Amino acid sequence: MSTSPPFLVPSALHTEIGQVEDIKSDESSDQDANQIVISSISKDEPLVTRKELWSYYLYYNGDNGVGPLGYTQTLFQGLATAAGYDPVAGPSSSCLATTASGQCVVPWGSGTKSVSSVVLIANGISFALMTALFTTIGSAADYGTFGRWLLLAVTVVCWAAQYACMALTTPNRWILAMVIYIIGFVSYGATLVFYAALFPRLARNTPHARHLREKYESGEIPPEVYEQEESLEKNKISNISTVHSNVGYIVTLLLNLALLLPMANNPKVDNYVLMLVTTYWVALGIWWFILQEPRPGPSLPEGEHYTTIGWKQIWAALKTYKHLPYTFVYLFSFFLLADGLNTTGTLVAICQNNKFSFSFLQNTYLGLSQAITSTISTLTFWYIQRYWKISTKKMFVVTNVVTILIPLWGMIGIWTERFGFHNVWEFWAYNIVFGLFQAPYYAFSQTMMAELSPPGFDNMFFGLFGLSNRASSMVGPNVIQAIINKTGNNWQGFPFLFALCTAASVVIWFGVDVTKGRRDAVRWAAEQRRHRH
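Residues numbered from 1 in each chain as written. Predicted model: local features only at pLDDT ≥ 70, side-chain atom pairs only at ≥ 80, totals over all residues. Heavy atoms only, no water.

Draft legend 1. Quick look at the environment of Thr 169. Here Thr 169 is to be found in the loop between α4 (146-164) and α5 (174-196). Owing to a relative accessible area of 33%, Thr 169 belongs among the partly exposed residues under this scheme. For the pair Thr 169 and Leu 75, spaced 94 residues apart in sequence, the C-alpha to C-alpha distance is 9.3 Å. Excluding its chain neighbours within four sequence positions, the residues that come into contact with Thr 169 are Lys 268 and Asn 271. A distance of 3.4 Å separates polar atoms of two side chains, one belonging to Thr 169 and the other to Arg 173. (Helix = DSSP H or I, 4+ residues; strand = E, 2+ residues; numbered from the N terminus. Buried < 20%, exposed > 50% of the residue type's maximum accessible area, 1.4 Å probe, protein only. Contact = heavy atoms within 4.5 Å. Polar contact = N/O pair within 3.5 Å; in protein donor to acceptor, adjacent residues only side chain to side chain.)

Next up, the structure:
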């Protein structure tokens, strides 16, 4: 007869979770235990159907970021540049003149600010708003059906912001473009976080996962095999959804060429392209909200409110760092890594837009190179991991190396124009390399978080994960925009980003033990239930 191991307690996952759990510890500092509500995990939860899983994938196929993450920033930066002037030539000059110095400023407060700094400020504001959103209502998604409606709400807001881009047709509307860009970027970022928070629960309720759990409980497989196979199941869903996002990216960009090529001389072609991109997402994304099976969490505790419970949960979760050390080391290091990578991507995009004169067509070609390589690399990484049964962390480490090399390459551009994102071929190389290694980065970073999250606390810890991903990026853009505004040189921002990415990667490589962290998370979640029952 098989006995349950001390750290793996999957049988505890079958108990219907109550609404309020007290975090208790033998240490006196934890005696003022915080109340945390966790979602229900039960055998009674609906089994994931094929239609439901495909609708989950199709949502991400449409939510591929072409519009809110790519084209909208290009449109905003292009309008601001057209509205600005060359500070070297004076207020009556044009940033687009053939004799322009390469610098461009727009009116800002009582003075001026470079367009690159304005774009980075917009990103900083966006990340600050995301932080407020995730901390205020992110954890509330664990209650009842609130998470389901929350994803729908932020999705609709993002769709509306993208359709509103039809009004962005003249340079004097660059401030409106900035506002729409911020709304679209914030809501898009929110869709990614609340979408990602769904997949651990889906992974637990697939027919294969249920079968694995039954075999473990009956003693047919040891805990090590159960852990490994369950991790591979999570990676399967995460990687397939990432592939769908990349496939959607490719399809969307190819559809855009049907407008960009024949309507190249139409001044509103960029606006029409954004309408097409958004309509594609609507057509594919709506099915998730129709076919999603109900898996509600517990009811909101009496006396609590959706707008305040999130802060209480996050504060309570943060106080559990002693019980979940590897989870919080990962969250901290990912805070730095996401800041470095997100800001590096924005800075390279600024340089790329300047190089290609804000051309949607050229950005489409570059995007296709990235999307095709992303699809190939995600499938290849997944095959390699599955075939050799390589751990999630080892796969993630490989992607981290390239994360460091990108800002390092940009640093070279400070001292020479032969290399360092000054040439057309470098942007082609960047998009291809980014696709080959950074697409798997997103899949594996998400799976790492899923493995280190206590079962039943999905939205709470993915809220912290989203907070690490987005809140961190309030820092990078503001530091970089200050550097650029002072020096007038975009490339001066890369050294800071290189240091940030390197420090974060080293912490992840040597400071995060996923196996111990996963067992700590499962044990901790089970302890909360035992204290109640």
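The structure having been displayed, the exposition proceeds.
Draft legend 2. Geometry of the environment of Ile 384. You can see Ile 384 is positioned in helix α12 (residues 360-388). For the pair Ile 384 and Phe 76, spaced 308 residues apart in sequence, the C-alpha to C-alpha distance is 40 Å. In this structure Ile 384 touches Lys 389, Ile 390 and Met 395, once residues within four positions along its chain are discounted.

Draft legend 3. Seen up close, the pattern of salt bridges. Following the criterion strictly, the structure yields 8 salt bridges and no others. Among the salt bridges present, the one from Glu 45 reaches Arg 201, with a minimum N-O distance of 3.7 Å. Within this pair, whereas Glu 45 is found in the loop between β2 (35-36) and α1 (50-62), its partner Arg 201 is found in helix α6 (residues 199-204), the two being separated by 156 residues in sequence. According to the relative accessible area criterion, Glu 45 is buried, its value standing at 7%. Among the salt bridges present, the one from Arg 295 reaches Glu 52, with a minimum N-O distance of 2.7 Å. With Arg 295 in the loop between α9 (269-291) and α10 (306-318) and Glu 52 in helix α1, this residue pair connects regions lying 243 residues apart in the sequence. For Arg 295, a relative accessible area of 12% corresponds to the buried category. In this structure, a network of salt bridges that share partners links the residues Glu 227, Glu 451, Arg 518 and Arg 519. (Salt bridge = Lys/Arg side-chain N within 4 Å of Asp/Glu carboxyl O.)

Draft legend 4. Looking closely at the layout of surface pockets. Quantified by volume, the largest pocket comes out at close to 850 Å³. What lines the largest pocket is a set of 37 residues, and nearest its centre among them are Ser 101, Gly 102, Gln 103, Asn 354 and Asn 490. Contributing elements (two or more residues each) for the lining of the largest pocket: α2 (66-83), β4 (111-114), α3 (115-138), α11 (325-355) and α16 (475-487). Looking at the lining of the largest pocket residue by residue, the classes come out as 16 nonpolar, 18 polar and 3 charged. Volume-wise, the second largest pocket comes out at about 430 Å³. What lines the second largest pocket is a set of 21 residues, and nearest its centre among them are Leu 75, Pro 267, Asp 270, Ser 357 and Phe 358. Sorting the residues of the lining of the second largest pocket by element identifies α2, α9 and α12 as the ones contributing at least two each. Here the element with the most residues in the lining of the second largest pocket is α2; it accounts for 5 residues. (1 Å grid on protein atoms, 1.4 Å probe; cavity = no way out; pocket = protein on both sides within 12 Å on 5 of 7 lines; lining within 4 Å. Points joined across faces, edges and corners; volume = space filled by probe spheres on them. Nonpolar A, V, L, I, M, F, W, Y, C, P; charged D, E, K, R; others polar.)

Draft legend 5. Main features of the packing of aromatic side chains. Considering all chains together, one arrives at 37 aromatic pairs under this definition. Between Phe 328 and Phe 461, the aromatic rings sit 6.2 Å apart at their centres with planes inclined by 65°, giving edge-to-face as the arrangement. Highlighted residues: Phe 328 in helix α11 and Phe 461 in helix α15 (residues 458-471), separated in sequence by 133 residues. When its relative accessible area of 14% is taken as the criterion, Phe 328 is described as buried. An aromatic cluster is built from Trp 54, Tyr 56, Tyr 57, Tyr 59, Tyr 60, Trp 159, Tyr 195, Trp 281, Trp 288 and Phe 289, whose rings are joined through pairwise contacts. (Phe/Tyr/Trp six-rings, centres within 6.5 Å; stacked < 30°, edge-to-face > 60°.)

Draft legend 6. The side chain of Thr 155, seen in detail. Here Thr 155 is to be found in helix α4. By relative accessible area, Thr 155 is classed as buried at 0%. Polar side-chain contacts of Thr 155 include one of 2.6 Å to the side chain of Tyr 59. When residues no more than four places from it in sequence are discounted, the contact partners of Thr 155 are Tyr 59, Thr 191, Trp 281 and Phe 289.

Draft legend 7. Representation of empty space enclosed by the protein. Counted under the stated rule, the structure contains 4 cavities of 30 Å³ or more. Around the second largest cavity sit 22 residues that line it, and Arg 148, Leu 198, Arg 201, Gln 292 and Arg 295 are the ones nearest its centre. Elements with a minimum of two residues in the lining of the second largest cavity: α4, α6 and α15. Here the residues of the lining of the second largest cavity are counted per class, giving 8 nonpolar, 7 polar and 7 charged.

Draft legend 8. Focus on α5. Helix length check: α5 (23 residues) gives 32 Å between terminal C-alpha atoms against 33 Å at 1.5 Å per residue, within 8%. Burial analysis of α5 places 19 of its 23 residues in the buried class, which makes it a mostly covered element. (Expected span 1.5 Å × (residues − 1).)

Draft legend 9. View of the nonpolar core. Tyr 71, Phe 76, Tyr 330 and Phe 461 are the most contacted members of the largest nonpolar core, which has 129 residues in total. Those residues within four positions of Tyr 71 in sequence are excluded, and the remaining contacts are Val 66, Leu 253, Asn 256, Leu 260, Val 273, Leu 274, Val 277, Phe 360 and Thr 364. (Core = buried A, V, L, I, M, F, W, Y, C linked by side-chain atoms within 4.5 Å.)

Draft legend 10. Structural detail: the environment of Asn 485. With respect to the helices and strands, Asn 485 occurs in helix α16. Distance in space between the C-alpha atoms of Asn 485 and Val 105 is 9.5 Å, their sequence separation being 380 residues. Look past the residues within four positions of Asn 485 in its chain and what remains in contact with it is Lys 113, Ser 114 and Ser 117.

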